[in-house]
Amino acid sequence: MNRAEIVDQCTDFVSHLLRDQLPKDFHYHNLQHTLDVKSYCERFGQTLSVSEADMFLLQIAALFHDTGYLRTYDQHEAASQDIAREHLQEINLPTEQIDQVCSLIEATIVQRQPENLLQQIIKDADLNNIGKEDFQVNSENLRHEWKVFLKEEYKEREWLRSTLNFLKEHQFYTSAAQELLGEQKKANMKSLKKQLKKMKKAKSDQKEKMEQKEKSNKKEKAPQGPIGSSRTAQMMFKTSLRNHIDLTNIADNKANMMLSINAIVISITMPLLASNIEGNTFLVIPASFLLLTSVLSIIFATLATRPIRMTGRTNMENIRQGKTNLFFFGNFFRMSNKDYQVGIQETITNNDLLENTIVNDLFFLGKALGEKYNQLRICYGIFMIGITLTVAAFAVSFLYARTQM
């Protein structure tokens with residue numbers, strides 16, 4: 001395998017590993033973080049003009065640098081090196097390159113000082129969230145992990161203060177990271193300072209606990225559904241929706257390919273048959289097979305890409321019962337603006353109804369996708385069998401015609 005193929009293979013291996021085996025409480029050190037680190041390694045490496053060989057090492061190290069969390073949370077870097085070494089040996093990567101990958105993984109230890117440019121790049125990439133707008137979201141995700149896996153629980157003010165101290169002591173090692181992430185890092189520090197100042201103006205800790213208790217009671221009185229209260233469920237719905245859309249594009253491309261191929265076959269075959277069929281009657285049967293195959297393939301390819309039937313209207317009763325989805329244009333494009341706004345308000349103000357709408361949207365999208373792939377499978381089946389029969393019929397007819405001469 002060449003370098004690009006090895007990177008793709010390792011990406012698939014790590015993706016399946018983290019997606020299937022990583023516990024759900026890994027809100028920060030998950031597959032998305034790993035892919036982000038790989039992406040920032042590539043961006044920093046390109047900006048700093050590292051060689052293709054060094055870029056390859058950075059990509060592999062970024063993919064494996066957090067796999068050790070599957071075995072241990074504390075000091076996971078050593079376990080990550082073991083997993084990387086085991087897999088890279090299986091795919092026969094040279095020992096020298098494996099050692100270099102492991103040294104890059106070891107460099108991601110927070111207290112470790114980088115010894116060369118590649119180590120600087122991967123350390124900066126590993127902490128890319130410091131210079132991103134969603135920094136505080138990721139910070140809370142990390143706080144959750146420490147609570148679950150390290151049994152370290154921090155109060156809000158204590159966590160903000162320790163986070164701010166970490167940002168003050170942290171530095172980006174590469175000019176690429178400083179240029180790309182430096183300004184947002186300063187903005188994040190400024191935001192943390194503002195939050196701490198607001199907390200200093202707040203009432204005593206005892207009153208703060210009472211307020212939290214009141215908020216907790218309110219939440220208990222108005223519970224959220226499983227989607228609204230679970231970040232994992234939200235992530236899975238987003239991932240499923242994105243996968244459905246990607247699969248729809250793939251299906252449409254396959255259908256368009258079949259339409260083009262069979263249209264070309266018909267446009268070429270018809271003139272040839274018209275001019276040669278009279279003197280070569282043995283071509284009638286194979287030509288019929290070919291034309292029938294193309295026509296049927298075009299029909300099913302067209303069915304696969306044909307838009308579903310849409311009424312464009314939805315009544316309020318169906319909305320209240322959760323039988324429809326006003327976020328899909330096919331259910332409202334003939335409605336008035338006033339009726340649509342009333343229906344949308346009804347949906348978004350009712351948590352149960354909103355979650356039911358989300359589930360229905362994914363369900364009906366999956367149903368449409370399943371029908372599309374079923375039509376596409378029939379189309380490919382017809383094309384495969386028809387072409388085979390055409391070739392066989394042509395061979396038999398040609399041999400039969402030769403024996404009659």
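What am I meant to see in the overall build of the chain here?
Across its full length, the chain carries 16 helices and 0 strands. The buried share among the 405 residues of the chain stands at 36%. Sequence-distant contacts, at least 24 apart, represent 70% of the contacts inside the chain between residues at least 6 apart. A total accessible area of about 24,700 Å² is found for the chain, and carbon and sulfur atoms account for 55% of it.

How should helix 5 (residues 95-106) be read in this particular structure?
It helps to recall that an α-helix has 3.6 residues per turn; residues three or four apart then point in one direction. Over its 12 residues, helix 5 runs 16 Å from end to end, which matches the ideal 16 Å to within 8%, given 1.5 Å per residue. Looking at the buried positions of helix 5, the neighbouring elements they touch are helix 3 (52-64), helix 4 (76-90) and helix 6 (117-126).

Before we go on, may I ask you to explain the environment of Cys41 in this structure?
Secondary-structure assignment places Cys41 in helix 2 (residues 31-47). Judged by its relative accessible area of 0%, Cys41 falls in the buried class. Distance in space between the C-alpha atoms of Cys41 and Leu58 is 6.4 Å, their sequence separation being 17 residues.

Explain the pattern of salt bridges here, please?
Pairing is possible between side chains that carry opposite charge, provided their charged atoms lie close to one another. Going through the model one piece at a time under the given rule, you end up with 10 salt bridges. Between Asp99 and Arg85 there is a salt bridge, with the nearest N and O atoms lying 2.9 Å from each other. Placement of the pair is Asp99 in helix 5 and Arg85 in helix 4, with a sequence separation of 14 residues. One salt bridge in this structure joins Glu106 and Arg112, with 3.1 Å as the shortest N-O distance. Residue Arg112 is classed as partly exposed on the basis of its relative accessible area of 33%.

Explanation requested: helix 2 in the structure shown.
With 17 residues, helix 2 should cover 24 Å at 1.5 Å per step; its first-to-last C-alpha distance of 25 Å lies within 8% of that length. Burial in helix 2 covers these residues: Leu31, His33, Thr34, Val37, Lys38, Tyr40, Cys41, Glu42, Phe44 and Gly45. Where helix 2 is buried, its residues touch helix 1 (3-21), helix 3, helix 6 and helix 9 (175-200). Regarding helix 2, its N-cap is Asn30, as a side-chain oxygen of that residue lies 3.3 Å from the backbone nitrogen of Gln32 further along. Of the residues one or two after helix 2, Ser49 is the one with positive phi, at around 60°.

Is there a simple way to think about the side chain of Lys132 in this case?
Inspection of the secondary structure assignment puts Lys132 in the loop between helix 6 and helix 7 (135-149). Its relative accessible area of 17% is what places Lys132 among the buried residues. Contact partners of Lys132, with chain neighbours within four places excluded, come to Asp36, Tyr40, Gln184 and Asn188.

What should I look at first to understand the nonpolar core in this one?
If you look at soluble globular proteins, the nonpolar side chains tend to sit buried side by side. Of all hydrophobic cores here, the largest spans 55 residues; its most connected members are Cys10, Cys41, Phe44, Ile60, Phe64 and Leu88. Of the residues forming this core, the biggest block, 9 residues, is contributed by helix 3.

Would you take a moment to explain the confidence of the model for the chain for this structure?
Close reading of the predicted structure is inappropriate where its pLDDT is low. Residues with a pLDDT of 70 or more make up 89% of the chain, whose mean pLDDT is 85. Here residues 219-223 is a poorly scored stretch, pLDDT under 50, and it has 0 contacts once near neighbours within four places are set aside; other chains count.

For this particular structure, what's the right way to read the packing of helix 8 (residues 156-169) against helix 9?
Between two packed helices, what matters for the description is the angle formed by their axes and the separation of those axes. Interhelical geometry of helix 8 versus helix 9 gives an angle of 150° and a closest axis separation of 10 Å. Looking at the two axes, helix 8 sits roughly antiparallel to helix 9. Both helix 8 and helix 9 take part in a crossing whose hand is left-handed. Contacts between helix 8 and helix 9 involve Glu156, Arg157, Leu160, Arg161, Thr163, Leu164, Leu167 and Lys168 from the former and Lys185, Met189, Leu192, Lys193, Gln195, Leu196 and Met199 from the latter.

I would appreciate a short explanation of the packing of aromatic side chains in the present structure.
Each aromatic ring pair is characterised by the separation of its centres together with the angle its planes make. On inspection of all chains with the given rule, the structure shows 10 aromatic pairs. A centroid spacing of 6.2 Å and a plane angle of 50° characterise the contact between Trp146 and Tyr154, whose relative ring orientation is tilted. Chaining the aromatic ring pairs together yields one cluster made of Phe26, Tyr69, Tyr73 and Phe149. Positioned above the aromatic ring of Phe172 is the side chain of Lys185, whose terminal nitrogen or guanidinium carbon lies 5.6 Å from the ring centre.

Just checking my understanding: could you explain a positive patch on the surface for this structure?
Together, Arg161, Lys168, Lys190, Lys193, Lys194, Lys197, Lys198, Lys200 and Lys201 line one region of the surface with positive charge. Within the residue set of the positive patch, elements represented by two or more residues are helix 8 and helix 9. Locating Lys201 in the fold gives a position in the loop between helix 9 and helix 10 (205-221).

Conventions we followed
Residues numbered from 1 in each chain as written. Predicted model: local features only at pLDDT ≥ 70, side-chain atom pairs only at ≥ 80, totals over all residues. Heavy atoms only, no water. Helix = DSSP H or I, 4+ residues; strand = E, 2+ residues; numbered from the N terminus. Buried < 20%, exposed > 50% of the residue type's maximum accessible area, 1.4 Å probe, protein only. Contact = heavy atoms within 4.5 Å. Areas by Shrake-Rupley, 256 points an atom, 1.4 Å probe, with all protein chains shown as cover. Expected span 1.5 Å × (residues − 1). Salt bridge = Lys/Arg side-chain N within 4 Å of Asp/Glu carboxyl O. Polar contact = N/O pair within 3.5 Å; in protein donor to acceptor, adjacent residues only side chain to side chain. Core = buried A, V, L, I, M, F, W, Y, C linked by side-chain atoms within 4.5 Å. pLDDT = per-residue confidence, 0-100. Axes fitted to C-alpha atoms, helices over the stretch in contact; angles between N-to-C directions. Parallel < 35°, antiparallel > 145°, perpendicular 65-115°, else oblique. Left-handed = near helix turned anticlockwise from the far one by under 90°. Phe/Tyr/Trp six-rings, centres within 6.5 Å; stacked < 30°, edge-to-face > 60°. Lys NZ or Arg CZ within 6 Å of the ring centre and 35° of its normal. Patch = residues over 30% accessible without salt bridge, like charges linked within 9 Å, V, L, I, M, F, W, Y side chains within 5 Å. Lys, Arg positive; Asp, Glu negative; His and termini not counted. Charge placed at Lys NZ, Arg CZ, Asp CG, Glu CD.

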